[in-house]
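# Structure assessment
Listed here are the chains, written in short residue letters.
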Amino acid sequence: MWFELQIFGFRALWSPYFLSFLIILGLLYYLITGPYRHKFGGAEAGSPTVVQHTSFYLGLVLLYAVKGAPVDLLSHIMLTAHMTQMAIYLLLVPILLIKGIPKWLWEKFAELPVVKQILNVFTNPIVSLLFFNGLFSFYHVPFVFDFSKATPIAHATISLILFTAAFLMWFSIIPPLEKYNRLSPLQRIFTIFINGILITPACVLIIFAGNPLYTAYTSEGSWLTALSICVPGDVLDGIYTELSGPEMFSPLKLIHDQQLGGIIMKSVQELIYGIIMAKTFFSWFNKEKLKVDPKISPAGDVK
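All of these numbers come straight from a predicted model, not from anything done at the bench. (Residues numbered from 1 in each chain as written. Predicted model: local features only at pLDDT ≥ 70, side-chain atom pairs only at ≥ 80, totals over all residues. Heavy atoms only, no water.)

## What to know about the layout of surface pockets
The line we're drawing: Grid points spaced at 1 Å and placed over the protein atoms alone form the basis of the search, with a cavity being a set where a 1.4 Å probe fits but cannot get out and a pocket an open set showing protein on both sides within 12 Å along at least five of seven lines. Lining residues have an atom within 4 Å of a point. Grid points are joined across faces, edges and corners, and a volume is the space filled by probe spheres set on the points. A run of H or I in DSSP counts as a helix once it spans at least four residues, and a run of E counts as a strand once it spans at least two, with each numbered from the N terminus. Under this grouping Gly is polar, as are all residues other than the nonpolar Ala, Val, Leu, Ile, Met, Phe, Trp, Tyr, Cys and Pro and the charged Asp, Glu, Lys and Arg.
The space that makes up the largest pocket amounts to roughly 1200 Å³. Forming the boundary of the largest pocket are 38 residues, of which F21, L25, L63, L160 and F163 lie nearest the centre. Where the lining of the largest pocket is concerned, the elements lending two or more residues are α3 (16–33), α4 (50–67), α8 (103–110), α9 (113–122) and α12 (152–173). Here the element with the most residues in the lining of the largest pocket is α12; it accounts for 10 residues. Split by residue class, the lining of the largest pocket holds 30 nonpolar, 6 polar and 2 charged. Lining the second largest pocket are 27 residues; nearest its centre among them are K99, I174, R188, K279 and T280.

## Topic: unusual backbone geometry
Even without being a glycine, S15 presents a positive backbone phi close to 40 degrees. Position of S15 among the secondary structure elements: in the loop between α2 (9–14) and α3.

## Observations concerning empty space enclosed by the protein
Within the structure shown, the criterion is met by 3 cavities of 30 Å³ or more. Approximately 50 Å³ is the volume attributed to the largest cavity. In terms of lining, the largest cavity is formed by L79, P212, Y214, Y217, T218, L254, D257 and Q258. Considering each element in turn, the lining of the largest cavity owes the most residues, 3 residues, to helix α18 (residues 254–290). Its residues placed into classes, the lining of the largest cavity shows 5 nonpolar, 2 polar and 1 charged. Taken as a whole, the second largest cavity encloses approximately 50 Å³ of empty space. Taken together, K67, H82, Q85, M86, Y139, S148, H155, I158, S159 and L162 make up the full set of residues lining the second largest cavity. Breaking the lining of the second largest cavity down by element, the ones donating at least two residues are α6 (79–91) and α12.

Next up, the structure:
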């Protein structure tokens with residue numbers, strides 16, 4: 001498959017402009033939180049921890065891996081690649097970026113007028129939960145999905161809206177600032193659980209559909225339109241006659257590709273949600289244990 005993909009050229013495979021943008025973003029993070037943090041009000045806070053550095057840069061690496069590297073091109077050829085992309089893009093990258101930004105920088109950012117208003121409304125756990133899962137389910141309705149693949153503007157806009165909704169959802173569950181911590185540990189676990197339920201219908205639709213749902217992967221015309229999102233026009237025009245359809249790059253039948261994509265999305269979601277739930281539970285459980293003096297027995301006798 002890798003050899004066949006070479007036909008689309010370097011720009012389609014490696015998205016150098018997007019890579020340049022992420023490198024600039026990483027450099028800004030380093031400068032703002034490091035040598036020039038005193039100019040942004042973070043002089044007394046110190047540099048980010050190793051964990052924060054690792055989390056932020058890993059988030060950028062994964063963002064490039066799924067939205068800039070060959071996975072992005074494959075996402076217009078195979079639904080399996082697309083669902084893998086979306087699982088990491090929406091369910092993992094936001095967590096890493098939220099955890100990677102220092103508290104003092106979040107405080108500065110969250111006080112910006114427009115940002116403050118957005119956070120006050122959309123980090124309400126119920127609002128963020130319904131907002132993200134509603135958009136996610138609506139996105140996977142066939143005519144909406146196919147529309148998102150119709151033009152670069154539609155694709156970029158819908159992708160950014162979904163990412164913003166996912167970011168706000170995770171911001172409400174793992175808030176970096178105490179003022180947005182509106183959930184107790186048990187409420188947080190319950191919210192994550194409900195998130196897992198609400199995301200299920202879209203995955204079930206994809207897994208158990210009897211026929212391929214999306215013309216972007218089944219119709220030659222729609223498929224080529226989707227490819228034009230990431231393949232330069234001059235390159236696509238030059239290889240047009242050599243392309244017979246997505247099946248020439250995929251080892252799977254269309255229906256099997258669709259089913260596997262749904263399974264991957266649901267499996268990754270369950271894994272990430274499960275880890276966050278377990279971490280929340282054990283953190284809460286350990287804090288509750290510390291409230292009990294280990295030297296006092298349940299009967300009140302000193303051991």
